[in-house]
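Structure assessment
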Amino acid sequence: GEDVEQSLFLSVREGDSSVINCTYTDSSSTYLYWYKQEPGAGLQLLTYIFSNMDMKQDQRLTVLLNKKDKHLSLRIADTQTGDSAIYFCAELAGNTGKLIFGQGTTLQVKP
Amino acid sequence: NAGVTQTPKFRVLKTGQSMTLLCAQDMNHEYMYWYRQDPGMGLRLIHYSVGEGTTAKGEVPDGYNVSRLKKQNFLLGLESAAPSQTSVYFCASKIAGGASEAFFGQGTRLTVV
């Protein structure tokens, strides 16, 4: 079945780069996503990547996809205190419409 | 423009009671989802629907039932609540296809005592 795994916590200093990693198991995943959740709120989409792409860049965000290893990463350049949140990796499983999330990585940004 | 609205926002139930959580979206989305969020467990998919009149099981469907009688509404039912169902429940909707965002409601905090 589908499974998405993330490390639970990452701490960085303001101005550094943050790299959040994710692995998934479903080889038929068509799209992979990164969502952000701030305290007490729902999730908001940060970016997504189609499964036939290796990289996508969007301002401070860079997504890398290694389809062979089923590994996805999100790099945040020049991390700010406002980036402190929980980041979720998600996959759209095949053509079923099933959307599976990982456990979420809590990013702590220290001044 | 309401987006995704969940009702209620908070609820306390006694063990064995039943309740229905309502999710309503006004964006004409085909896909709708119910998740539960627990510390350290992330979002786990309970049930989902890819269209009016259709539902499917997610990762943790036991103890829950759903219905999608109207395209804009997705109902999550707990027939006999258990303390293990204490959680924050999120509903989401999206258009069919991958290159689109899933929009989330603000969550329902449910406590079963």
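For the structure itself, look to the data block above.
Computed from a predicted model, the values in this text were never measured in an experiment.

1. Quick notes on the interface of chain B and chain A
Each partner contributes to the interface: chain B provides 25 residues, whereas chain A provides 22 residues. Both sides of the chain B and chain A interface together cover about 1700 Å² of buried area, and 58% of this is carbon and sulfur. Remark: the boundary between chain B and chain A carries zero salt bridges. Applying the counting rule to chain B against chain A returns six residue pairs in polar contact (both at pLDDT 80 or more). Of all elements in the fold, only strand S4 (31-38), strand S5 (42-51) and strand S9 (87-94) of chain B reach the threshold of two or more residues within the side of chain B that touches chain A. No other element matches S5(B), which puts five residues into the side of chain B that touches chain A. Here the side of chain B that touches chain A is built from residues that sort into 12 nonpolar, nine polar and four charged.

2. Quick word on the sheet that holds strand S7 (residues 64-67) of chain B
All names here are of chain B. Pairing within the open sheet is antiparallel, and its four strands lie in the order S1-S3-S8-S7. In this open sheet, the two strands that pair with only one neighbour each are strand S1 (4-7) and S7. Ignoring strand direction, the axes of neighbouring strands in this sheet form an average angle of 20°. Pairing between S7 and strand S8 (residues 73-78): four bridges, direction antiparallel. Within S8, the residue paired with Tyr64 across the bridge is Leu78.

3. Details of the environment of Asp3(A)
Residue and element names in this part refer to chain A. Within the secondary structure, Asp3 sits in the segment before strand S1 (4-6). Residue class for Asp3 comes out partly exposed when judged on its relative accessible area of 32%. Asp3 sits 102 residues away from Thr105 along the chain, and the two C-alpha atoms are 15 Å apart. Contacts of Asp3, omitting those with residues within four sequence positions, involve Thr23, Tyr24, Thr25 and Glu91.

Conventions used here
Residues numbered from 1 in each chain as written. Chains lettered and ligands numbered in written order. Predicted model: local features only at pLDDT ≥ 70, side-chain atom pairs only at ≥ 80, totals over all residues. Heavy atoms only, no water. Contact = heavy atoms within 4.5 Å. Buried area = accessible area lost by both parts, 1.4 Å probe. Salt bridge = Lys/Arg side-chain N within 4 Å of Asp/Glu carboxyl O. Polar contact = N/O pair within 3.5 Å; in protein donor to acceptor, adjacent residues only side chain to side chain. Helix = DSSP H or I, 4+ residues; strand = E, 2+ residues; numbered from the N terminus. Nonpolar A, V, L, I, M, F, W, Y, C, P; charged D, E, K, R; others polar. Pairing = 2+ DSSP bridges. Axes fitted to C-alpha atoms, helices over the stretch in contact; angles between N-to-C directions. Buried < 20%, exposed > 50% of the residue type's maximum accessible area, 1.4 Å probe, protein only.

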